[in-house]
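# A closer look at the structure
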Amino acid sequence: MEIEIYADVICPWCYIGKRRLDAALASYAGEVTVRYRPFQLDPSPVPEPLPLVEALAAKFGGPERARQMVDHVTQVAASDGLQLDYGRAVIANTFDAHRLVSYATDHGKAAELVEALYQAHFTQGVDVGSREALATIAGGIGLDAADARRFLDSDERSADVTAQLATARDLGISSVPTFILAGKYAVSGAQETPTLLAALAEVEQREAAGHSH
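The following refers to the structure shown. (Residues numbered from 1 in each chain as written. Predicted model: local features only at pLDDT ≥ 70, side-chain atom pairs only at ≥ 80, totals over all residues. Heavy atoms only, no water.)

Inspection of the secondary structure puts I141 in the loop between helix 6 (131-140) and helix 7 (145-153). Residue classification places I141 among the buried residues on the basis of a relative accessible area of 16%. Residues I141 and A110, 31 residues apart in the sequence, show an inter-C-alpha distance of 10.0 Å. In this structure, I141 is in contact with K109, E112, L113 and A116, ignoring residues within four places of it in sequence. (Helix = DSSP H or I, 4+ residues; strand = E, 2+ residues; numbered from the N terminus. Buried < 20%, exposed > 50% of the residue type's maximum accessible area, 1.4 Å probe, protein only. Contact = heavy atoms within 4.5 Å.)

Next comes the structure, spelled out in structure tokens:
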């Protein structure tokens, strides 16, 4: 079964969703291929990497509201074993990060890179919009940092990522994470691990039934 994950690397619920899917797959016997698909929560350019909490306050109606949101998602993440450090996180445009995921996919390192991008953004305060930082992250998971930088400085995969972002819109995906199972069943949101396992089992049954006629 193929699982496509539409997600953004600066989305905390996507990080939580990935962790829960990883947990589900660890106890799932079926064969699964995971593909990471791009989604941008905010495609507008980011001239400078401002503190994320400031940006959230501006976007969602003040520091108090931002703090509530941050505290809530931090607690949920902690229950899934993830530490989010919003005090360090900075805002970033993720277009180049999504291009780099495409590059890593070719090298069989997509899952490692996605995990490293979430960690960089949410726990290390790294600007994941910076090509220099992205190349360093690539080097950290065993890719060639110099080649990754060469790739990022080219416009390779730009058209591809743009097309995939358009596909997400065409599919009506407006919130992430969204998991597409077997190309046609959508599960939206950072569902709990048992829910994801149940969805996998149900799709497996439906697909088997469909193939037997």
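Further notes follow.
What follows is about the sheet that holds strand 3 (residues 178-181). Strand pairing within a sheet occurs via backbone hydrogen bonds; the two strands may be parallel or antiparallel. Across the sheet, which stays open at both edges, the four strands sit in the order 2-1-3-4 with mixed pairing between neighbours. Every interior strand has two partners, whereas the edge strands, strand 2 (33-38) and strand 4 (185-188), have only one. Shown here is a sheet whose adjacent strand axes are inclined to one another by a mean of 20°, direction ignored. In this structure, strand 1 (residues 2-7) lies alongside strand 3, joined through four bridges in antiparallel fashion. Along strand 3, the bridge assignment pairs E4 with I180. Across the sheet, helix 8 (residues 158-170) is in contact with strand 1 and strand 2; its angle to strand 2 comes to roughly 95°. (Pairing = 2+ DSSP bridges. Axes fitted to C-alpha atoms, helices over the stretch in contact; angles between N-to-C directions.)

Let us now look at the pattern of salt bridges. Within this structure, the stated rule accounts for 17 salt bridges. Note that K18 and E115 form a salt bridge whose closest N and O atoms lie 2.8 Å from each other. Remark: E115 occurs in helix 5 (residues 110-122) and K18 occurs in helix 1 (residues 12-26); sequence separation between them is 97 residues. For K18, a relative accessible area of 6% puts it in the buried group. A relative accessible area of 13% means that E115 is categorised as buried. The network of salt bridges with shared partners includes D96, R99, R131, R149 and D153. (Salt bridge = Lys/Arg side-chain N within 4 Å of Asp/Glu carboxyl O.)

Orientation of helix 1 relative to helix 3 (residues 63-79), taken along the N-to-C sense of each, is 10°, at an axis distance of 10 Å. Put simply, helix 1 runs roughly parallel to helix 3. Crossing handedness for the pair helix 1 and helix 3: left-handed. Side by side, helix 1 and helix 3 meet where P12, W13, I16 and R20 of the first sit next to H72, V73, V76 and A77 of the second. (Parallel < 35°, antiparallel > 145°, perpendicular 65-115°, else oblique. Left-handed = near helix turned anticlockwise from the far one by under 90°.)

Let us now look at the pairing of strand 3. Every second residue of strand 3 is oriented toward a common face, with T178 and I180 on one face and F179 and L181 on the other, all of them buried. The pairing of strand 3 with strand 4 spans four bridges and is antiparallel. What sits directly across from T178, in strand 4, is S188. Counting the residues between successive antiparallel strands, the hairpin from strand 3 to strand 4 contains three residues, one of them, A182, with a positive phi of roughly 55°.

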